[in-house]
Amino acid sequence: MISVTEAQLMQWLLPLLWPFIRMMALLTGMPIFNQAAVSLRLRIGLAFFIALASQASLPPTPITPLDNLPLLLMLLAQQLLIGVSMGFAVRVVFAVLEFAGELNGLQMGLNFAGFFDHTTGTQGTSTASFYTNVVSFLFIAINGHLLLIQALVQSFQVFPVGDEPFHFLRAAQPQVWGAEIFRMGLWVALPLTSMLLFVNIVMGVIARVAPQIGIFSVGFPLTISIGLIGMAATLPLMEGPFNAVLERLLSAFS
């Protein structure tokens, strides 16, 4: 008769359980994969497959007895916290370009044309939605999903299971990552915002010199046209800031 002890069972299950929970929390918190179009079954299957495929690269997992419930809950909270924080890091990167789109739309005069964004559940604008779609394609094009898997595997080296469960909060400080949205968002929007500011100054001078010109009927189409041309011209420049923010935030896990 084959007998399996509790220690053997935990030795088989825990090395697979903790990466699965951490990966599941990442997929639940990050953009693209947390949309309603991505089913829960797909996220569970993908998290299980990644946890299984990364076993060879993970450090040894300490065995925790089942009767030590407080420690199990702390380790579970650690995996959820790190996984959700990684998803939040990716969300910050997406929010950088969304914020840049909001600023550009404000200068172009398109922010009054708002609509409901089903991906975030909030009111959005056309320029912010366009930047969001662009950054989603860019994230896949630069293999950002592979960078996330690599960062997840390396996070078990930096923040191993059982070694001070909440050391991650002191080391990574995810509460300060929100400042990247305003700093990098202004950097991305600065070229187009400066161009449109110059156009507005010129239109103001024209309105003072030649008041008979209908400045509102001329200025609005001109601002939108120059804004669209500027957006098309600055799209190839987005990869640099996007990579910089993504690598900076993911470096906290590796």
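### Let's talk about the packing of helix H3 (residues 69-108) against helix H5 (residues 144-158)
Any two packed helices are characterised by how steeply their axes cross, that is the angle between the axes, and by the distance between the axes. Where H3 contacts H5, the axes come no closer than 12 Å and their chain directions differ by 150 degrees. Read as a crossing pair, H3 and H5 show a hand that is right-handed. In contact with Gln-79, Met-86 and Val-90 of H3, H5 contributes Leu-148, Ala-151, Leu-152 and Phe-156. Considered class by class, the residues forming the contact of H3 with H5 number six nonpolar, one polar and no charged.

### Structural notes on the packing of aromatic side chains
Taken as a whole, this structure holds three aromatic pairs when the rule is applied. With centroids separated by 5.3 Å and ring planes inclined at 75 degrees, the aromatic side chains of Phe-99 and Phe-182 adopt a geometry described as edge-to-face. One end of the pair, Phe-99, is in helix H3; the other, Phe-182, is in helix H7 (residues 179-209), and 83 residues separate them in sequence. Directly above the aromatic system of Phe-156 lies the positively charged group of Arg-22, at a separation of 3.8 Å from the ring centroid.

### Thoughts on the pattern of salt bridges
Counted under the stated rule, the structure contains one salt bridge. Between Glu-98 and Arg-91 there is a salt bridge, with the nearest N and O atoms lying 3.3 Å from each other. For Arg-91, a relative accessible area of 26% translates into the label partly exposed.

### Topic: the side chain of Ser-85
Position of Ser-85 among the secondary structure elements: in helix H3. At 2.7 Å, the side chain of Ser-85 forms a polar contact with the backbone oxygen of Leu-81. Dropping the residues within four chain positions of it, Ser-85 is found in contact with Phe-168, Pro-174, Trp-177 and Phe-253.

### So, the nonpolar core
Phe-139, Leu-148, Trp-177 and Phe-242 are the most contacted members of the largest nonpolar core, which totals 47 residues. Residues contacting Phe-139, with those up to four places away along its chain left out, are Met-30, Ile-32, Val-90, Phe-94, Gly-144, His-145, Leu-148, Phe-242 and Leu-246. One finds Leu-14, Ile-21, Phe-156 and Val-161 within the second-largest nonpolar core, a separate group that totals nine residues.

Conventions used here
- Residues numbered from 1 in each chain as written.
- Predicted model: local features only at pLDDT ≥ 70, side-chain atom pairs only at ≥ 80, totals over all residues.
- Heavy atoms only, no water.
- Axes fitted to C-alpha atoms, helices over the stretch in contact; angles between N-to-C directions.
- Helix = DSSP H or I, 4+ residues; strand = E, 2+ residues; numbered from the N terminus.
- Left-handed = near helix turned anticlockwise from the far one by under 90°.
- Contact = heavy atoms within 4.5 Å.
- Nonpolar A, V, L, I, M, F, W, Y, C, P; charged D, E, K, R; others polar.
- Phe/Tyr/Trp six-rings, centres within 6.5 Å; stacked < 30°, edge-to-face > 60°.
- Lys NZ or Arg CZ within 6 Å of the ring centre and 35° of its normal.
- Salt bridge = Lys/Arg side-chain N within 4 Å of Asp/Glu carboxyl O.
- Buried < 20%, exposed > 50% of the residue type's maximum accessible area, 1.4 Å probe, protein only.
- Polar contact = N/O pair within 3.5 Å; in protein donor to acceptor, adjacent residues only side chain to side chain.
- Core = buried A, V, L, I, M, F, W, Y, C linked by side-chain atoms within 4.5 Å.

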